[in-house]
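Reading the structure
Letter by letter, the chains look like this.
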Amino acid sequence: MARAGLTVDRLVAAAADLADEAGFENVSLSALARHFGVKDASLYSHVRNLNDLRTRLALHAGGELIDRIAAAVAGRAGKDSLTAFAGAYRAYALDHPGRYAATQIRIDQALIADSPAMRRTAEITYGMLRAYGLDEPDLTDAVRLLRSTFHGYCTLESAGGFGADRDVQTSWDKAVEALHLALTHWPREKRNND
C-alpha cells in the first residue's frame, strides 16, 4: 500500500531538488526513499523504475524551462526575442544544474508527442525562429544550432571552463549577437519549386 501523502508529483519535485543539490546522476530511488523515510519498494507504486522517474523529472524540468522562456519572450520578436530566450535558457541552466541536466536526456518520442510542455517548447522555439523567415528544414537546423550553442556555453560556464580574463557575460552577449546575425543571413535550403 502506498504511504499516505506520497504521490508521483511529490516524488518528482523531490527528485528535482535532489538533482540540483547532488547532481542528476545521483538521483536514485534509494535516495528518494531515504528522503521520505520509506523503503525503496514503497516508491514502485508511484513510478515503474529509475528510468521512469528520470523521464518524469526531465519532462518536469523541461516544463519549468519553457515556462521561463515563454515569460521572457512574451511580446518580443527577432533579436529581442532571441536575446530573451537565450537569457532565460542560460539562467535556468545555471540556477538549476541538476534539473537542466535532466532536460538533456533522450526521451521516447511518443512521450514527447504526448507532453504539453514539449509541444509548447516546439511552438515557442519555432515561433521565435519564424520571425527570421525560416521554414523547414531550416527551422530544424536552426534549432540544433541554438541548442548546441546554448548547451555548450552553459555546460562550460557551470564547470568553470572559461578561464580567460574576458567577462563571461560579454562573451555570452557576443555569442547571442553572432547567432542573431547567423539567423538573419541563414543559408536557406533550396526547395524543388525554387
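Residues numbered from 1 in each chain as written. Predicted model: local features only at pLDDT ≥ 70, side-chain atom pairs only at ≥ 80, totals over all residues. Heavy atoms only, no water.

Quick notes on the overall build of the protein
If you tally the helices and strands in the protein, you get nine helices and zero strands. Residues counted as buried form 39% of the 194 residues belonging to the protein. Taking the contacts inside the protein whose residues are at least 6 apart along the sequence as the reference set, 69% of them involve residues at least 24 apart. A total of about 10800 Å² of accessible surface is found on the protein, and carbon and sulfur atoms cover 52% of it. Where the 23 positive side-chain charges of the protein centre and where its 25 negative ones centre are 3 Å apart. (Helix = DSSP H or I, 4+ residues; strand = E, 2+ residues; numbered from the N terminus. Buried < 20%, exposed > 50% of the residue type's maximum accessible area, 1.4 Å probe, protein only. Contact = heavy atoms within 4.5 Å. Areas by Shrake-Rupley, 256 points an atom, 1.4 Å probe, with all protein chains shown as cover. Lys, Arg positive; Asp, Glu negative; His and termini not counted. Charge placed at Lys NZ, Arg CZ, Asp CG, Glu CD.)

Quick word on helix H9 (residues 168-184)
Counted at 1.5 Å a residue, the expected span for H9 with its 17 residues is 24 Å, and the 24 Å between its end C-alpha atoms agrees. Every buried residue of H9 is accounted for by Trp-172, Val-176, Leu-179, His-180 and Leu-183. For H9, the buried positions fall inside an angular range of 100 degrees around the axis, keeping them on one side. The inward-facing, buried residues of H9 contact helix H4 (78-95), helix H7 (116-130) and helix H8 (138-158). The residue sitting at the N-terminus of H9 and contributing the capping side-chain oxygen is Asp-167; that oxygen lies 3.4 Å from the backbone nitrogen of Gln-169. (Expected span 1.5 Å × (residues − 1). Arc of directions from axis to C-beta. Polar contact = N/O pair within 3.5 Å; in protein donor to acceptor, adjacent residues only side chain to side chain.)

Considerations on a negative patch on the surface
A contiguous patch of negative charge on the surface is contributed by Asp-135, Glu-136, Asp-141 and Glu-189. Relative to the helices and strands, Asp-135 resides in the loop between H7 and H8. (Patch = residues over 30% accessible without salt bridge, like charges linked within 9 Å, V, L, I, M, F, W, Y side chains within 5 Å. Salt bridge = Lys/Arg side-chain N within 4 Å of Asp/Glu carboxyl O.)

Quick word on the pattern of salt bridges
According to the stated counting rule, one finds nine salt bridges in the structure shown. Among the ionic pairs, Arg-99 bridges to Glu-64, the shortest N-O distance being 3.0 Å. Note that Arg-99 is positioned in helix H5 (residues 97-102) and Glu-64 in helix H3 (residues 50-73), a separation of 35 residues in sequence. By relative accessible area, which is 24% here, Glu-64 ends up partly exposed. Between Arg-120 and Asp-67 there is a salt bridge; the shortest N-O distance is 2.4 Å. With Arg-120 in helix H7 and Asp-67 in helix H3, this pair connects stretches of sequence that are 53 residues apart. Classification of Asp-67 by relative accessible area gives partly exposed; the value is 44%. Overlapping salt bridges, with partners in common, bring together Asp-17, Asp-20, Glu-64 and Arg-99 in one network.

A few points about the packing of aromatic side chains
In this structure the tally under the stated criterion is six aromatic pairs. The interplanar angle of 35 degrees and the centroid separation of 6.1 Å between the aromatic rings of Phe-85 and Phe-150 together place this pair among those described as tilted. Taken together, the positions of Phe-85 in helix H4 and Phe-150 in helix H8 put the pair 65 residues apart, joining distant regions of the chain. Across the pair, Phe-150 and Phe-85 agree in class, each one buried. When the centroid spacing of 4.7 Å and the interplanar angle of 45 degrees are considered together, the rings of Tyr-153 and Phe-162 count as tilted. Residue classification places Tyr-153 among the buried residues on the basis of a relative accessible area of 11%. Here Phe-162 falls in the partly exposed class, since its relative accessible area comes to 33%. What links up through ring pairs into an aromatic cluster is the set Phe-85, Tyr-89, Tyr-100, Phe-150, Tyr-153, Phe-162 and Trp-172. (Phe/Tyr/Trp six-rings, centres within 6.5 Å; stacked < 30°, edge-to-face > 60°.)

What about the nonpolar core?
Burial of nonpolar side chains together is a common tendency in soluble globular proteins. Core analysis: the largest hydrophobic core is formed by 32 residues, its most contacted members being Ile-69, Leu-82, Leu-129, Leu-134, Leu-146, Phe-150 and Leu-183. Looking at this core, the elements that each hand over two or more residues are H3, H4, H7, H8 and H9. Broken down by element, the residue count for this core peaks at eight residues, all from H4. With residues near it in sequence (within four places) discarded, Leu-183 still touches Leu-82, Leu-129, Tyr-132, Leu-134, Ala-142 and Leu-146. (Core = buried A, V, L, I, M, F, W, Y, C linked by side-chain atoms within 4.5 Å.)

Remarks on the confidence of the model for the protein
When pLDDT is averaged along the protein, the result is 93; 96% of the residues meet or exceed 70. The secondary structure element of the protein with the lowest average pLDDT is helix H6 (residues 109-114), at 80, and the one with the highest is H9, at 98. (pLDDT = per-residue confidence, 0-100.)

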